Structure formats: C-alpha cells, structure tokens
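An overview of the molecular structure
So the chains spell out like this:
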Amino acid sequence: MPLKVSKSLRKKSADLGKATAKFEPCFGIDVQSALTTAAANQFRDLEHTLKAGFGVIGKLFRALDNDNCLKLAWGECLQQLRERGLQRTEQLETLWQRDIDRDHDGNVCLAEFLDLVYLWGAFQLGSYLDLFRGHVERTGAVVATMEALQEAFKTYSSGCNRLLHQEQVECFLQKQLPGVDASVVPLFFPKSEPIRFRQFLVLIFATLGGDLKALNVTPPPKQSLPERVGEL
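What counts, and at which threshold
- All residue numbers refer to position in the chain's written sequence, counted from 1.
- Totals for whole chains, interfaces and linings use every residue, but because this is a predicted model, local features are given only for residues with pLDDT of at least 70 and side-chain atom pairs only at 80 or more, for both listing and counting.
- Based on all heavy atoms of the structure, the side-chain values leave hydrogens and waters out of the count.
- Where helices and strands are cited, they refer to DSSP runs of H or I of at least four residues and of E of at least two residues respectively, numbered from the N terminus.
- Here's how the labels work: a residue is buried when its accessible area is under 20% of the maximum for its type, exposed when over 50%, partly exposed in between, all with a 1.4 Å probe on protein chains only.
- It only takes one pair of heavy atoms within 4.5 Å for two residues to be counted as in contact.
- For accessible areas, the Shrake-Rupley method is used with a probe of radius 1.4 Å. Any residue's cover is judged against the shown protein chains and nothing else.
- Between 30 and 60 degrees the pair is tilted, below 30 it is stacked and above 60 it is edge-to-face, where a pair is any two Phe, Tyr or Trp rings, Trp via its six-membered ring, whose centres lie within 6.5 Å.
- We count a salt bridge whenever a side-chain nitrogen from Lys or Arg sits within 4 Å of a carboxyl oxygen from Asp or Glu.
- Think of the arc as the fan of directions from the helix axis to the C-beta atoms.
- Lines fitted to the C-alpha atoms define the axes, with helices restricted to the stretch that makes contact. Angles between their N-to-C directions range from 0 to 180 degrees.
- Every angle not falling under 35 degrees, over 145, or within 65 to 115 is termed oblique; those three ranges are roughly parallel, roughly antiparallel and roughly perpendicular.
- Each crossing gets its hand from how the near helix is turned against the far one by less than a right angle, where anticlockwise is left-handed and clockwise is right-handed.
- Three residue categories are used. Nonpolar comprises Ala, Val, Leu, Ile, Met, Phe, Trp, Tyr, Cys and Pro, charged comprises Asp, Glu, Lys and Arg, and polar comprises the others, including Gly.
- Definition of a polar contact: a pair of N or O atoms within 3.5 Å, with one able to donate and the other able to accept a hydrogen when the atoms are protein atoms, and with sequence-neighbouring residues admitted only if both atoms are side-chain atoms.

1. What about the overall build of the chain?
Each helix and strand in the chain was counted, giving eleven helices and two strands. Overall, the chain shows an N-to-C arrangement of helices and strands of α-α-α-β-α-α-β-α-α-α-α-α-α. Each of the 232 residues in the chain was classed as buried or not, and the buried ones make up 48%. In the chain, 64% of the contacts between residues at least 6 apart in sequence involve partners at least 24 apart. Just so you have it, the chain exposes about 11900 Å², and 50% of that area is on carbon and sulfur atoms.

2. Thoughts on the packing of aromatic side chains
One pass over the full model with this rule turns up ten aromatic pairs. Seen from their ring centres, Phe153 and Phe197 are 5.5 Å apart, and the 85° between their planes marks the pair as edge-to-face. Within this pair, whereas Phe153 is found in helix H8 (residues 136–156), its partner Phe197 is found in helix H10 (residues 197–207), the two being separated by 44 residues in sequence. Put simply, the rings of Tyr118, Phe153, Tyr156, Phe172, Phe197 and Phe200 touch in pairs and so form one group of aromatic residues.

3. Regarding the pattern of salt bridges
All chains considered together, the criterion is met by six salt bridges. What you see here is one network of salt bridges that share partners, running through Arg98, Asp99, Arg102, Asp115 and Arg198.

4. Some thoughts on unusual backbone geometry
Excluding glycine, a negative phi dihedral is what most residues carry, and trans is how most peptide bonds are arranged. Positive phi is not limited to glycine here, since Phe27 has a value of about 50°. By the element assignment, Phe27 lies in the loop between helix H1 (7–16) and helix H2 (31–40). The class of Phe27 is buried, set by a relative accessible area of 5%.

5. Things to note about helix H4 (residues 74–82)
Buried within H4 we find Trp74, Cys77, Leu78, Gln80 and Leu81. Down the axis of H4, the buried set is contained in an arc of 165°. They therefore lie on one face.

6. Re H2
When we look at burial in H2, the residues that qualify are Val31, Gln32, Ala34, Leu35, Ala38 and Ala39. Just downstream of H2 lies Gln42, where phi reads positive at about 55°.

7. Observations concerning the packing of H8 against helix H9 (residues 166–176)
Contact pair H8 / H9: the axes reach a minimum separation of 10 Å and the direction vectors enclose 125°. In this view, H8 runs oblique relative to H9, as classed from their interaxial angle. Crossing of H8 against H9: the hand is right-handed. Of the residues in H9, those touching H8 at Leu149, Ala152 and Tyr156 are Gln168, Cys171, Phe172, Lys175 and Gln176.

8. Some words on the environment of Pro25
As for its position among the elements, Pro25 is in the loop between H1 and H2. When the C-alpha atoms of Pro25 and Gly58 are compared, they prove to be 9.7 Å apart, with 33 residues separating the residues in sequence.

9. With respect to the packing of helix H6 (residues 110–122) against H10
Contact geometry for H6 and H10: axes closest at 9 Å, N-to-C directions at 120°. The two elements H6 and H10 cross, and the hand of that crossing is right-handed. On H10, the residues that touch Leu110, Ala111, Leu114, Asp115 and Tyr118 of H6 are Phe197, Arg198, Leu201, Val202 and Phe205. Within the contact of H6 with H10, the residues separate by chemical class into eight nonpolar, no polar and two charged.

10. A closer look at the environment of Arg198
Looking at where Arg198 falls in the secondary structure, it is placed in helix H10. Taking the relative accessible area as the measure of exposure, Arg198 reaches 24% and is therefore partly exposed. Along the primary structure Arg198 and Asp99 are separated by 99 residues, whereas in three dimensions their C-alpha atoms are 9.6 Å apart. Contacts of Arg198, omitting those with residues within four sequence positions, involve Asp99, Ile100, Arg102 and Asp115. From its side chain, Arg198 meets the backbone oxygen of Asp99 in a polar contact 2.6 Å long.

Now the structure itself:
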C-alpha cells in the first residue's frame, strides 16, 4: 500500500532540518549531509531524500548490529524490534519465513533489512516514528523514500506483473536520478531476468553509492593493466 508523508510531518522535518543529529557516513552514504538537505527541502529533492532514507535505515541496522558483523540474528533482531514498537509479531514472523529470509540462514543481512523496513510500513507492523525513536526528520526521510520508490516501481514496471527489466530501471534513473552511478545496474541483471521491488530497493541503494559488499552484491572484476591498455 502507498506510504504518504503528511504535510505536518514535512513541515516538522523542515523545521528540524538544521538541528539534525550528526551522523558519520554509513555504508557509503553521507547521512548527515543528505538528511539535512532533504529535510530542509521537505523531501522534494529525490536524490537527497533517497540518500537520507537509505542512510537512516543503514544507521538503524548499525545500531542493532551489536557485534558489527553485518548480520543480525533473527531472534535478537525481533526482540529489538519489539522494543521499537513492533505490534504484529506473528505477522512479521510469517513475512520473515516466507519473504525476507532469502538465503534461509536465520540472520538478517543489510539487503534483507531494507525489505523488512519496507514491510514494516506496507503491512503496518508498527509506527515508523516508533521504529526511529521519535525522530521526525529521520522518519520523514524513510517514509518519503519508500513512497517515492513504490511510485517509481509502479510507473516503470511492465503492466501488473510487478517486475522491472533492466531497460526500465535505466529509464527511471536517466529521467529522475541522472546523477547516480548507473554502472552498477547490470550487476542486478546477470541473467537478464526482471527484478522485484525488494531487489529494486537494494539496486537504488547501490546506485547512490551504497557499499556493494555490505549489500551482498558482487562487484565487477577489476581489469588488469594489459586489458585496459588493449581497450585504448
């Protein structure tokens, strides 16, 4: 279901933009700069909004990752989510088993956490404001990010099949995010098969400068000097 940023939330976020708590860069995203700019513009600047939204989600993942191993044990993650306002535990458990735990290892990686945060709003598992401990501007960035990407996915996908092909993703980037790194897009289409929304989230995070290793995306092999010279 669509996620909307209310006018009051936009206004509060703009008012708080200058007072945003300082963040260190996270998973390749300069959260502080993006969040300050996005909030000041009431989340109407798409690139800064997406950077802010993904950066805030990354910061939450870091906060929950106590041993800094880039994975959250599901049981521990579930407990911490309860402390952050999870209201529908059984439904989240079902979603975890059916949709989120892609590799069935019982741990939440960053890519799966992006999916979890999306589903938190889509299935109303709890309040985003509670999840982000009452921080209005951080909440606004995440809600605006999910809202914008859902709309983009719906607009550019083929009919009602809820899938995006590589050329459709590239069209979206060219029209709405011309400043991002589109060179990573082919990494998400190794067999030219279309992707679902969960993969689209990870792809967009990567184009914004997100850490490919943390996102479990295999970067292209580096060319040797002779190979590069041969192309000249």
